[in-house]
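Structure at a glance
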4 protein chains.
Amino acid sequence: MPRVTEEHRTARRDQILSAAMRCVARDGFHKMTMANVIAESGLSAGAVYGYFKGKNDLIQAIARRAVGGFAADLDTLADGDDQVTLPGALEVVLARARGLTADSEGGLPRIAIHAWSEAARDDEVKEIVRTNIDSIIKSWARVLARARADGNLGPDGDLDQMARSMYSLMIGFALQGLILDDVDEESYLAGFTALLA
Amino acid sequence: MPRVTEEHRTARRDQILSAAMRCVARDGFHKMTMANVIAESGLSAGAVYGYFKGKNDLIQAIARRAVGGFAADLDTLADGDDQVTLPGALEVVLARARGLTADSEGGLPRIAIHAWSEAARDDEVKEIVRTNIDSIIKSWARVLARARADGNLGPDGDLDQMARSMYSLMIGFALQGLILDDVDEESYLAGFTALLA
Amino acid sequence: MPRVTEEHRTARRDQILSAAMRCVARDGFHKMTMANVIAESGLSAGAVYGYFKGKNDLIQAIARRAVGGFAADLDTLADGDDQVTLPGALEVVLARARGLTADSEGGLPRIAIHAWSEAARDDEVKEIVRTNIDSIIKSWARVLARARADGNLGPDGDLDQMARSMYSLMIGFALQGLILDDVDEESYLAGFTALLA
Amino acid sequence: MPRVTEEHRTARRDQILSAAMRCVARDGFHKMTMANVIAESGLSAGAVYGYFKGKNDLIQAIARRAVGGFAADLDTLADGDDQVTLPGALEVVLARARGLTADSEGGLPRIAIHAWSEAARDDEVKEIVRTNIDSIIKSWARVLARARADGNLGPDGDLDQMARSMYSLMIGFALQGLILDDVDEESYLAGFTALLA
DNA sequence: CATGAATGAGTCTTCATTCAT
DNA sequence: TATGAATGAAGACTCATTCAT
């Protein structure tokens, strides 16, 4: 029978996590210091450590949240009533990515890139990212199946293999958007559409 | 200053850089310690600092080397005599990426991912990566122009915009290859080819 | 204030003290954390602080209980009807020490050693230990007086001075029993008896 | 080919160790802070960590030095030309203990008590202390053998068992000397001698 | 009274960099 | 020019204690 409600705990955890994500977006995982997170969260050191076992635990929570949510729209597309085309589906996803970039938490795509980097050296983060990529590719495969059913995709080709290319197109946009100055959905989509033609 | 000395300097610098790249491939930029680099290079602290101003300088040199070299083959393709198709061009690049992964320096693609992450928080590295992406996209645009000239690509579409998708397909492969277990050039290419159909 | 409440208070205090002694036996005074004591006692932080002013207060209570009780049998011996010999008296005390080692509270001798160590740096604990040693030596002196009266000890020698050696023999056994593997009462007593011969 | 001589390293290590022993004598193992040791040694944090892996390593080195040296005289006695009696041997050892108490490093007996306490909770320190006790008991057994050969000890009794009592008498003196105010070699020896009579 | 979340000063440890030899 | 011992600021984490509920 907790003295403090479960909601309160969740809210506090979220408060810390959001603060930490702002730090990571600004500094990356390894230049994010616990002191910064503590200051940014407005709590005390002890409080933060009451909600997260340590910096590693926090990093994993951040990675989980950062890579999730990119592909939320894909399942909606696959299950929706509208005609599904590849450029149309990609457009929806890119729009989401754009939105996340301007997010209050400081840019999920940016954090996602840090998560990939961390996944390249830490097995626990790697597992988080792997699971996420798998899930997104599965979603893309469903979208492609739907496009094929709608007659907007040729009958040949393994959907999972094709989904990997769609995943690449999606994250490639996120990366280019962060590094280059002149990347916008419209021209990126135009390029992809022209390629398909 | 005699020429041998200059060669000696270059060799030494390379020796340090190679050691540092092994460290980064293993640990990432921020868990790479100068002590590790010093030990791995077999030189002394003072020596390393004689060739690189500091850790930042070293990081930038690593980033430069890591992101370079991915697209060396693209210009060859554009200038060569063989017919150029998109899947064919992508195949060449993926094969190169595969080769680099098993490199003695510990995997350039891995380091490249660390470089993107670092670019997201450090403007000097960002500039290095930006220049590199620009250059690769330019090369892809040349390849696409050649493919169009060869009649293997439709007449419509802005080549630079299309090149961005090709860049995405290329780096998406590198990322998936690092995180997922079952990524191979053949199936990835098959997916891309099916998409084009 | 009703009597039951007072009993309740005493029981609670004891509950905390026992929990704390298990912690000290396991971890020593300084690696014993209040959090551990709180968890081990099954009470809340506030409750524990209601019974003990703080960690120091708890440490002193533990020290008091740990060093007491070692020599309870000595007075019984001095006042009893049986013939008193030195090996016989020592045997009784060693048996008690053995028993305490296996105690539910985790080994009083072990805690006593921690108390000596603490006495070497904290004057309040030092006073507790000093009082206890004085008292045990006094008891030994009474036992020696009785042995002399029984004709089992020569007529010469200051009893208080001799008592100090008996104290040493007693605690030396406790210490050796904790550190060495092959210490048993029988052989230790045999050694002492042979020395006297 | 070290740039700095081995002697220099040894001297530095000793400088740190001595500083640390003063800290332990004053504060005990767990209230000894690395910051104190660093300040007391006059070196920097990094330097200290260059000579000791960490606090644990330092604790073990302190424990090793503190418990050693107590019994150095015993072997000399056993191998010497003078008649050996038990009170005579004990006197030599007590005199040494007295001397160490006033030592520049702050009192080896005091630190030894801390070491026993630590041995009760840390297996590595326990092993150090165990080895030391074993060795002292062995030395006492040699002294007793010599006393017996000299006709100053009865022919019966296992020497190793008797040696344990001698060890107890020795450390009991050290402990009492630290806690009680009125302990001096003379009266302690008188008590022991009277006991033997 | 009881609770246990929150506090924040204090610990140990690392590591980029320098500079006397 | 080369060395590597030394520096010390900065980082992650702990834990005795309090106090709002």
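Structure report, in brief. The structure displayed is predicted, hence computed values, not measured ones.

1. Overview of the interface of chain B and chain A
- Contact with chain B, which involves 50 residues of that partner, is made by 50 residues of chain A.
- Taken together, the two surfaces of chain B and chain A that pack against each other cover about 4300 Å², and 66% of this comes from carbon and sulfur.
- Together, B:Arg164, B:Ile179 and B:Leu195 form the three largest contributors to the area buried by chain B at its contact with chain A, with a combined 17%.
- Counting every contact that joins chain B to chain A gives two salt bridges.
- B:Arg164 serves as the salt-bridge partner of A:Asp182, at 3.1 Å between the closest nitrogen and oxygen.
- Remark: the boundary between chain B and chain A carries 14 residue pairs in polar contact (both at pLDDT 80 or more).
- Of all the secondary structure elements, the ones that give two or more residues to the side of chain B that touches chain A are α1 (3–27), α7 (108–119), α8 (123–149), α9 (159–179) and α10 (185–196) of chain B.
- Of all the elements, α9(B) adds the most residues to the side of chain B that touches chain A, at 15 residues.
- A class-by-class count of the residues in the side of chain B that touches chain A yields 26 nonpolar, 12 polar and 12 charged.

2. What to know about the relation of the copies chain B and chain A
- When chain B is fitted to chain A, the residual RMSD is 0.1 Å, and the transformation amounts to a turn of 180° plus an axial shift of 0.0 Å. Both copies are brought into coincidence by an operation consistent with a two-fold rotation axis.
- Both copies present the same face, since 100% of the interface residues in chain B are matched by interface residues at the equivalent positions in chain A.

3. Observations concerning the protein's contact with DNA strand F
- The immediate surroundings of DNA strand F are formed by 32 residues, with A:Lys55, C:Met34, D:Arg12, D:Ser44 and D:Tyr51 found nearest.
- Near-protein atoms of DNA strand F (within 4 Å) split between backbone and bases, with sugar and phosphate holding 61%.
- One of the side-chain N or O atoms of A:Tyr49 is found 3.2 Å from a phosphate oxygen in DNA strand F.
- For the surface near DNA strand F, the elements supplying multiple residues, two or more each, are α2 (34–41) and α3 (45–51) of chain A, α3 (45–51) of chain B, α2 (34–41) and α3 (45–51) of chain C together with α1 (6–27) and α3 (45–51) of chain D.
- For the surface near DNA strand F, the leading source of residues is α3(D), giving four residues.
- Classifying every residue of the surface near DNA strand F gives 17 nonpolar, 10 polar and five charged.

4. Structural notes on the protein's contact with DNA strand E
- Among the 32 residues in the neighbourhood of DNA strand E, the closest are listed as A:Arg12, A:Ser44, A:Tyr51, B:Met34 and D:Met34.
- In DNA strand E, the atoms that sit within 4 Å of the protein are 63% sugar and phosphate, with bases accounting for the remainder.
- B:Lys55 places a polar main-chain atom, nitrogen or oxygen, 2.8 Å from a phosphate oxygen of DNA strand E.
- At the level of secondary structure, the elements contributing two or more residues to the surface near DNA strand E comprise α1 (6–27) and α3 of chain A, α2 (34–41) and α3 of chain B, α3 of chain C together with α2 (34–41) and α3 of chain D.
- Broken down by element, the residue count for the surface near DNA strand E peaks at four residues, all from α3(A).
- Here the surface near DNA strand E is composed, by residue class, of 17 nonpolar, 10 polar and five charged.

5. Observations regarding the relation of the copies chain C and chain D
- Placing chain C over chain D gives an RMSD of 0.1 Å and needs a rotation angle of 180°, together with 0.0 Å of translation along the axis.
- The overlap is high: 100% of the interface residues of chain C also sit at the interface in chain D, so the same surface is used on both sides.

6. Observations concerning the packing of aromatic side chains
Residue and element names in this part refer to chain A.
- This model, assessed by the stated rule, comprises four aromatic pairs over all chains.
- A centroid spacing of 5.1 Å and a plane angle of 55° characterise the contact between Phe173 and Tyr188, whose relative ring orientation is tilted. In this pair, Phe173 sits in helix α9 (residues 159–179) while Tyr188 sits in helix α10 (residues 185–196), placing the two residues 15 residues apart along the sequence. Here Phe173 and Tyr188 have matching classes, each one buried.

7. Quick look at the nonpolar core
- Core analysis: the largest hydrophobic core is formed by 146 residues, its most contacted members being C:Leu58, C:Ile62, C:Trp140, D:Leu58, D:Ile62 and D:Trp140.
- Examining the composition of this core, we find that 12 residues originate from one element, helix α9 (residues 159–179) of chain D, more than from any other.
- Setting aside residues up to four positions removed in sequence, C:Trp140 forms contacts with C:Leu74, C:Ala89, C:Leu90, C:Val93, C:Ala163, C:Met166, C:Tyr167 and C:Met170.
- Counting residues in hydrophobic clusters, the runner-up holds 145 residues, among them A:Met34, A:Ile59, A:Ala147 and B:Ala20.

8. Here's the deal with the side chain of C:Ser168
- Inspection of the secondary structure assignment puts C:Ser168 in helix α9 (residues 159–179).
- Of note is the side chain of C:Ser168, whose polar atom sits 2.5 Å from the side chain of D:Tyr188.
- Aside from chain neighbours lying at most four places away, what touches C:Ser168 is D:Ser168, D:Leu169, D:Gly172, D:Phe173, D:Gln176 and D:Tyr188.

9. Digging into the interface of chain C and chain D
- Opposite the 50 residues of chain C that make contact, chain D presents 50 residues.
- Roughly 4300 Å² is buried in total at the junction of chain C and chain D, and carbon and sulfur atoms are behind 66% of that figure.
- The largest per-residue losses of area from chain C upon contact with chain D belong to C:Arg164, C:Ile179 and C:Leu195, which jointly make up 17% of the total buried on that side.
- Inspection of the region where chain C meets chain D yields two salt bridges.

10. A few points about the pattern of salt bridges
Residues and elements named next belong to chain D.
- Enumeration over the complete set of coordinates arrives at 48 salt bridges over all chains.
- Arg142 is the partner of Asp75 in a salt bridge, and the nearest nitrogen-oxygen pair spans 3.0 Å. Linking Asp75 in helix α5 (residues 72–79) with Arg142 in helix α8 (residues 123–149), this pair joins segments that are 67 residues apart in sequence.
- For Arg142, a relative accessible area of 38% gives the class partly exposed.
- Across the salt bridge formed by Arg142 and Asp79, the nearest N and O atoms sit 2.4 Å from each other. Taken together, the positions of Arg142 in helix α8 and Asp79 in helix α5 put the pair 63 residues apart, joining distant regions of the chain.

Calculation notes
- Residues numbered from 1 in each chain as written.
- Chains lettered and ligands numbered in written order.
- Predicted model: local features only at pLDDT ≥ 70, side-chain atom pairs only at ≥ 80, totals over all residues.
- Heavy atoms only, no water.
- Contact = heavy atoms within 4.5 Å.
- Buried area = accessible area lost by both parts, 1.4 Å probe.
- Salt bridge = Lys/Arg side-chain N within 4 Å of Asp/Glu carboxyl O.
- Polar contact = N/O pair within 3.5 Å; in protein donor to acceptor, adjacent residues only side chain to side chain.
- Helix = DSSP H or I, 4+ residues; strand = E, 2+ residues; numbered from the N terminus.
- Nonpolar A, V, L, I, M, F, W, Y, C, P; charged D, E, K, R; others polar.
- Least-squares fit on C-alpha atoms with pLDDT ≥ 70 in both.
- Near = heavy atom within 4 Å.
- Phe/Tyr/Trp six-rings, centres within 6.5 Å; stacked < 30°, edge-to-face > 60°.
- Buried < 20%, exposed > 50% of the residue type's maximum accessible area, 1.4 Å probe, protein only.
- Core = buried A, V, L, I, M, F, W, Y, C linked by side-chain atoms within 4.5 Å.

Everything listed here is a matter of geometry and, on its own, says nothing about what the molecule does.
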